[in-house]
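What follows is each chain in one-letter form.
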Amino acid sequence: MILRHSFGRPLTALCLSCAVAFVAVQGAGSFVAPAYAAEEANTVRPEIAKPLQAAQQAIQAKSYGQALTKLKEADAVSGRTPYEDSVIAQLRLMAALGAEEMPTAAKAFEALSGSGTLPAASKLQFTLGIASGYFRSKDYANAATWTNRYLSAGGTDAQGKLLLVQSLYLDKQYAPAAKAALDDIHGLEKQGQVPSETLLQVLAASAREQQDWKLYETALIRLVADYPKQDYWADLLHRLPTHAGFSERLSLDVSRLSLAAGVMTTAAQYMEFAELAIQAGLPGEAQSIVEKGYAGGVFGQGADAARHGRLRDLVAKAVDNDKKTLDAGAAEAAKASGGDPLAATGLDYYGYGQFDKATSLIEQGIAKGGLKSVDDAKLHLGIAYLAAGKKPKAIEVLKTVKGADGSADLAALWILKAGGRPY
């Protein structure tokens, strides 16, 4: 799977008319700014009012560059009062945000903040607006700085938190990006909310850039849990056999999960699955895979069509022989001193679609004890319960698989497939 570096639009453009009320024209060129003024006595002189009125009209018409030009005319008037400066700065901030001239917007914001005339709520909105503008301008370092400023000042907008994570990642600050993403994910999960796919993708990409494969798989598992796309499943299953200590005997189980997750697509994968099943003494399961291959148009095509036919014949012969002794084999397994024959016979019945019989025999094998691998038996019991449609029981059993050889990892992924959470 390739996680793209483009995560879509992280934040919609700040709505200027919602951020702070526009300066209103009052009478003969006098301005009153309701968002800032404590008294109506705060007015501007006519020689400043004229360019400010033109700037305001330009902002309303979204002619932001023209508005900034008009504001320079107001700057040229000497002897301005602090209030007049605050009105100019207010309009300059809105015009600069609209024009995405972020250094100008930041300077105007600092002037307003320093004057103490900017209300706290508007201050937060403008801070986030500047951060978003820097992001759209691809100045990710400043986008991260201003988003951090927004959050530190008490901002809680979810888009602001996502903007921080994206800005840090695109600025190649991968460790801080991963930490910010994890903090956000944990916060959302504590509130019972599902993290966005974009947030999880950024976590995965940040982990990959650092070659932190444990964290990368943590992100993939959460992506599979809430956004179970084939790409995520394929990446998880591709990485599973690379885990330290992973046992090759579990290859058949990896194939089972690959089929269940919908990521088994090639004739070679189907061939390997069927051959592993035959080698494990499970001809019924092998036959099921071969028939699925033919039904899906994977087998019987191309240069290997004859090979597929030979496999089909081989499997059919093995099934005929197996079925003649299957029930007798179950009776003999019950007499054995250890539980392995019962568990193996149960798995054989699973291959023929007799799931209730399979779960019963595997349970008996576990209860008898003396197993070479009780984790393998529990894993197969959980898989059989899932096939029988008993998800709660399957999840309960799968959660007891603790093997460090890959069986616990497989059990966790089967829990995900069942709709549970292994974390």
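These figures come from a predicted structure and were not determined experimentally.

The next point concerns the packing of aromatic side chains. The full count for this structure, using the stated rule, is seven aromatic pairs. Ring centres 5.7 Å apart and planes at 55° place the aromatic pair Tyr350 and Phe355 in the tilted group. Owing to a relative accessible area of 15%, Tyr350 belongs among the buried residues under this scheme. Under the relative-accessibility criterion, Phe355 is labelled partly exposed at 25%. Members of the aromatic cluster, joined through ring pairs, are Tyr270, Tyr294 and Phe299. Taking NZ or CZ as reference, Arg149 lies 4.4 Å from the ring centre of Trp146, over its face.

It is worth spelling out helix 20 (residues 391-398) at this point. Looking at helix 20, one finds that the buried residues are Ala394, Ile395, Val397 and Leu398. Taken end-on, helix 20 shows its buried residues confined to a sector of 165°, consistent with a single buried face. Residues Pro392 and Glu396 are exposed on helix 20 and point more than 90 degrees away from its buried face. Packing partners of the buried residues in helix 20 comprise helix 19 (374-387) and helix 21 (407-417).

Moving on to the environment of Ala303. By the element assignment, Ala303 lies in the loop between helix 15 (283-295) and helix 16 (305-335). Put simply, Ala303 and Gly420 are 117 residues apart on the chain and 42 Å apart in space, counted from C-alpha to C-alpha.

Attention now goes to the packing of helix 2 (residues 46-60) against helix 4 (residues 82-99). In the contact formed by helix 2 and helix 4, the axes pass within 10 Å of each other and the chain directions differ by 20°. Judged on the interaxial angle alone, helix 4 and helix 2 are roughly parallel. The hand of the helix 2/helix 4 crossing is left-handed. From helix 2, Ile48, Leu52, Gln56 and Ile59 reach across to helix 4, where they touch Glu84, Val87, Ile88, Leu91, Met94 and Ala95.

This paragraph deals with the nonpolar core. Trp233, Leu237, Leu379 and Leu413 are the most contacted members of the largest nonpolar core, which totals 83 residues. Among the nonpolar cores identified, the runner-up in size contains 41 residues, and Tyr64, Ala96, Tyr134 and Ala143 belong to it.

Under the criterion given, the structure shown has 21 salt bridges. Taking the shortest distance from any N to any O, the salt bridge between Arg80 and Asp85 comes out at 2.5 Å. Assessed through its relative accessible area of 30%, Arg80 is described here as partly exposed. Looking at Asp85, the relative accessible area reads 32%, which means it is partly exposed. Here the residues in one salt-bridge network are Arg45, Glu47 and Glu84, joined through shared partners.

Within the secondary structure, Ser86 is located in helix 4. According to the relative accessible area criterion, Ser86 is buried, its value standing at 5%. Leave out the neighbours within four places in its chain, and Ser86 touches Leu112 and Thr117.

When the pLDDT values of the protein chain are averaged, the result is 89; 90% of them are 70 or greater. Every residue in residues 1-40 is under pLDDT 50, and counting partners more than four places away or in other chains gives 105 contacts.

With that out of the way, let us pick up the side chain of Thr147. Tracing the chain through its elements places Thr147 in helix 7 (residues 140-152). Classification of Thr147 as buried rests on a relative accessible area of 0%. If sequence neighbours within four positions are ignored, Thr147 has contacts with Ala131, Gly160, Leu163 and Leu164.

The subject of this paragraph is the packing of helix 15 against helix 17 (residues 340-351). One can describe the packing of helix 15 onto helix 17 by two numbers: an axis separation of 6 Å at closest approach and a directional angle of 25°. Taken together, the axes of helix 15 and helix 17 lie roughly parallel to each other. The chirality of how helix 15 crosses helix 17 is left-handed. Listed contacts from helix 17 to Pro283, Gly284, Glu285 and Ser288 of helix 15 are Asp348, Tyr350 and Gly351.

A few words now on the environment of Asn142. Position of Asn142 relative to the elements: it lies in helix 7. According to the relative accessible area criterion, Asn142 is partly exposed, its value standing at 28%. In sequence terms Asn142 and Ser132 are ten residues apart; their C-alpha atoms lie 9.7 Å from each other.

To continue, consider helix 4. Compared with the 26 Å implied by 1.5 Å per residue over 18 residues, the 25 Å span of helix 4 between its first and last C-alpha is a close match. Of all the 18 residues making up helix 4, 14 are buried; the element is thus mostly covered by neighbouring parts of the structure. Backbone geometry just downstream of helix 4 places Glu100 in the positive-phi region, at approximately 55°.

Thresholds applied
Residues numbered from 1 in each chain as written. Predicted model: local features only at pLDDT ≥ 70, side-chain atom pairs only at ≥ 80, totals over all residues. Heavy atoms only, no water. Phe/Tyr/Trp six-rings, centres within 6.5 Å; stacked < 30°, edge-to-face > 60°. Buried < 20%, exposed > 50% of the residue type's maximum accessible area, 1.4 Å probe, protein only. Lys NZ or Arg CZ within 6 Å of the ring centre and 35° of its normal. Helix = DSSP H or I, 4+ residues; strand = E, 2+ residues; numbered from the N terminus. Arc of directions from axis to C-beta. Contact = heavy atoms within 4.5 Å. Axes fitted to C-alpha atoms, helices over the stretch in contact; angles between N-to-C directions. Parallel < 35°, antiparallel > 145°, perpendicular 65-115°, else oblique. Left-handed = near helix turned anticlockwise from the far one by under 90°. Core = buried A, V, L, I, M, F, W, Y, C linked by side-chain atoms within 4.5 Å. Salt bridge = Lys/Arg side-chain N within 4 Å of Asp/Glu carboxyl O. pLDDT = per-residue confidence, 0-100. Expected span 1.5 Å × (residues − 1).

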